[in-house]
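Below are the chains, spelled out letter by letter.
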Amino acid sequence: MTGTRRHRAAGPLFVAPFLTLFLLLFLAPLGYAAYLSLFQSRLIGGTVFVGLDNYTQALGDPQLLHGLGRVALFFVIQVPVMLLLALLFALALDSGLLRLARVIRLGIFVPYAVPSVVAALMWGYLYGPDFGPFAQLSRKLDLPAPHFLSDGWMLGSLANIVTWEFVGYNMIILYAALRTVPPELYEAAAVDGAGAWRIAWSVKLPALRPALLLTLLFSVIGSFQLFNEPNLLMKIAPDVITSSYTANLYAYSLAFTGQQVNYAATVSFLLGLVIVIASYVVLLTANRRRTA
């Protein structure tokens, strides 16, 4: 009886460190931010309780709405390209037809190991209209320099940086999922006369659906939280990237530049709500297609 009680007490003890950190580092700051979002700091009267007035203001804030629309467009353009490249690389590595597959796999994954700050600085130099290698090469060839940091190109330039960073990460997830597929399925398909393309389409892709859904969810969260890349490129293209270029950058600017902590907390909560809704829509769509 004593041994049974000890076993029952062991579970909560093992879980306690995680729950403690989860409470202190996630739930407590989240609750405090929710508390802050219900107040406003005014010149006359100090900090006063305003209820949901901050949320009403945020829902009609054109800067926030434009930032959300911009990252939504970024998601629609960048994520399909990134996941398609990751899928192609994973299938190519899993085929066993590539020489030096380990070197190639490492080479594709290495950009993910580069901190996003370093990656943004590196690409900012490459994009530079004065000293960047693309601009210098264009001048030597008597061609107009590409305007990678212009208003019309900026979203694509950011998408290129993020794709370069995260293709390898998503490839590893998809490649690991492919390695768990039983070889008997491939052998059975080959016996039925299926070629490499048919096996990839009819066996490998269906097996990758859970992993693809996982990478898609990660991409939803990452896209709407876009921050480091535009924040750093803003230093070299301030006329194009403003403090409200993305919703996350807008919340940061409100809190640490404008000292509007209460409104920044409101914007952050609304951004989190948008991410939850977008993730739910992705899951719901995937489940409907699976059951159809």
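For the structure, check the block above.
Model, not experiment: these values are computed from the prediction. (Residues numbered from 1 in each chain as written. Predicted model: local features only at pLDDT ≥ 70, side-chain atom pairs only at ≥ 80, totals over all residues. Heavy atoms only, no water.)

1. Some remarks on the overall build of the protein chain
Part 1 of the reasoning: The secondary structure content of the protein chain amounts to 13 helices and 2 strands.
Part 2 of the reasoning: Compactness check: the protein chain gives a C-alpha radius of gyration of 24 Å against a globular reference of 19 Å for 292 residues, more than 25% above the reference.
Part 3 of the reasoning: The principal-axis extent of the C-alpha atoms belonging to the protein chain is close to 85 × 80 × 35 Å.
Part 4 of the reasoning: Across the 292 residues in the protein chain, those meeting the buried criterion constitute 37%.
Part 5 of the reasoning: Looking at the protein chain alone, contacts between residues at least 24 apart form 66% of all its contacts between residues at least 6 apart.
Part 6 of the reasoning: By element, 69% of the accessible surface of the protein chain is carried by carbon and sulfur atoms, the whole surface being about 18,000 Å².
Part 7 of the reasoning: The distance from the centre of the 18 positive side-chain charges to the centre of the 12 negative ones in the protein chain is 13 Å. (Helix = DSSP H or I, 4+ residues; strand = E, 2+ residues; numbered from the N terminus. Rg over C-alpha atoms; globule rule 2.2 N^0.38 Å. Buried < 20%, exposed > 50% of the residue type's maximum accessible area, 1.4 Å probe, protein only. Contact = heavy atoms within 4.5 Å. Areas by Shrake-Rupley, 256 points an atom, 1.4 Å probe, with all protein chains shown as cover. Lys, Arg positive; Asp, Glu negative; His and termini not counted. Charge placed at Lys NZ, Arg CZ, Asp CG, Glu CD.)

2. Some details on helix 3 (residues 62–95)
Part 1 of the reasoning: When the terminal C-alpha atoms of helix 3 are compared, their 49 Å separation across 34 residues agrees well with the 50 Å that a helix rising 1.5 Å per residue should span.
Part 2 of the reasoning: At Q78, helix 3 shows its maximal kink, close to 30°; a proline, P80, follows between one and four residues later.
Part 3 of the reasoning: The backbone nitrogen of Q63 has a side-chain oxygen 3.0 Å away, supplied by the residue at the start of helix 3, namely D61.
Part 4 of the reasoning: Following helix 3 by one or two positions, G96 adopts a phi angle in the positive range, close to 75°. (Expected span 1.5 Å × (residues − 1). Bend = angle between axes of the 7 residues up to and from the residue. Polar contact = N/O pair within 3.5 Å; in protein donor to acceptor, adjacent residues only side chain to side chain.)

3. Overview of the side chain of E165
Part 1 of the reasoning: With respect to the helices and strands, E165 occurs in helix 7 (residues 154–179).
Part 2 of the reasoning: Buried within the structure, E165 lacks any salt-bridge partner; K235 is the closest side chain of opposite charge, at an N-O distance of 15 Å. (Salt bridge = Lys/Arg side-chain N within 4 Å of Asp/Glu carboxyl O.)

4. Focus: the packing of aromatic side chains
Part 1 of the reasoning: Across all of its chains, the model carries 17 aromatic pairs by this definition.
Part 2 of the reasoning: Between Y32 and Y35, the ring centres sit 6.4 Å apart and the planes meet at 25°, which makes this aromatic pair stacked. Remark: Y35 and Y32 occur in helix 1 (residues 2–36); sequence separation between them is 3 residues, near one turn of the helix.
Part 3 of the reasoning: Of the residues examined, Y35 reaches a relative accessible area of 47% and is grouped as partly exposed.
Part 4 of the reasoning: Clustering of aromatic rings is evident, with ring pairs tying together W123, Y127, F134, F148, W153 and W164. (Phe/Tyr/Trp six-rings, centres within 6.5 Å; stacked < 30°, edge-to-face > 60°.)

5. As for unusual backbone geometry
Part 1 of the reasoning: A positive phi is found at L100, a non-glycine position, where the angle reads about 55°.
Part 2 of the reasoning: Position of L100 relative to the elements: it lies in the loop between helix 3 and helix 4 (101–113).
Part 3 of the reasoning: Unusually for a residue other than glycine, Q259 sits at a positive phi of about 55°.
Part 4 of the reasoning: Within the secondary structure, Q259 sits in the loop between helix 12 (247–256) and helix 13 (261–291).
Part 5 of the reasoning: Q259 sits in the exposed class, given a relative accessible area of 58%.

6. A closer look at the nonpolar core
Part 1 of the reasoning: With 46 residues, the main nonpolar core has L64, L174, L208, F224 and V267 as its most contacted residues.
Part 2 of the reasoning: When contributions to this core are tallied by element, the ones reaching two or more residues are helix 2 (53–59), helix 3, helix 7, helix 8 (183–191), helix 9 (196–207), helix 10 (209–224), helix 12 and helix 13.
Part 3 of the reasoning: The contact partners of L174, leaving out residues within four places of it in the chain, are A86, L87, A90, L208, A211, L212 and T215. (Core = buried A, V, L, I, M, F, W, Y, C linked by side-chain atoms within 4.5 Å.)

7. What about the layout of surface pockets?
Part 1 of the reasoning: One number sums up the size of the largest pocket: a volume of about 610 Å³.
Part 2 of the reasoning: Going through the elements one at a time, helix 3, helix 9, helix 10 and helix 13 are the ones with two or more residues in the lining of the largest pocket. (1 Å grid on protein atoms, 1.4 Å probe; cavity = no way out; pocket = protein on both sides within 12 Å on 5 of 7 lines; lining within 4 Å. Points joined across faces, edges and corners; volume = space filled by probe spheres on them.)

8. A word on the pattern of salt bridges
Part 1 of the reasoning: Under the counting rule described, the total for this entry stands at 2 salt bridges.
Part 2 of the reasoning: D94 is the partner of R179 in a salt bridge, and the nearest nitrogen-oxygen pair spans 3.2 Å. With R179 in helix 7 and D94 in helix 3, the pair connects residues that are 85 residues apart, well separated along the chain.
Part 3 of the reasoning: Residue classification places D94 among the buried residues on the basis of a relative accessible area of 11%.
Part 4 of the reasoning: A cluster of three or more residues bridged by salt bridges with shared partners is formed by D94, R179 and K204.

9. Description of a nonpolar patch on the surface
Part 1 of the reasoning: A cluster of nonpolar side chains, namely F14, V15, F18, L19, L21, F22, L23, L24, L25, F26, L27 and L30, defines an oily patch on the protein surface of about 1,200 Å² accessible area.
Part 2 of the reasoning: Position of L24 among the secondary structure elements: in helix 1.
Part 3 of the reasoning: Its relative accessible area of 53% is what places L24 among the exposed residues. (Patch = residues over 30% accessible without salt bridge, like charges linked within 9 Å, V, L, I, M, F, W, Y side chains within 5 Å.)

10. As for the packing of helix 7 against helix 10
Part 1 of the reasoning: The contact between helix 7 and helix 10 brings their axes to 9 Å, and the two run at 160°. Between helix 7 and helix 10, the angle falls in the class roughly antiparallel. Helix 10 is crossed by helix 7, and the crossing has right-handed handedness. Every residue of helix 10 that contacts helix 7 at Y169, N170, I173, L174 and A177 is listed here: A211, L212, L214, T215 and F218.
Part 2 of the reasoning: By residue class, the composition of the contact of helix 7 with helix 10 is 8 nonpolar, 2 polar and no charged. (Axes fitted to C-alpha atoms, helices over the stretch in contact; angles between N-to-C directions. Parallel < 35°, antiparallel > 145°, perpendicular 65-115°, else oblique. Left-handed = near helix turned anticlockwise from the far one by under 90°. Nonpolar A, V, L, I, M, F, W, Y, C, P; charged D, E, K, R; others polar.)

By themselves, these are just geometric observations and shouldn't be taken as functional.
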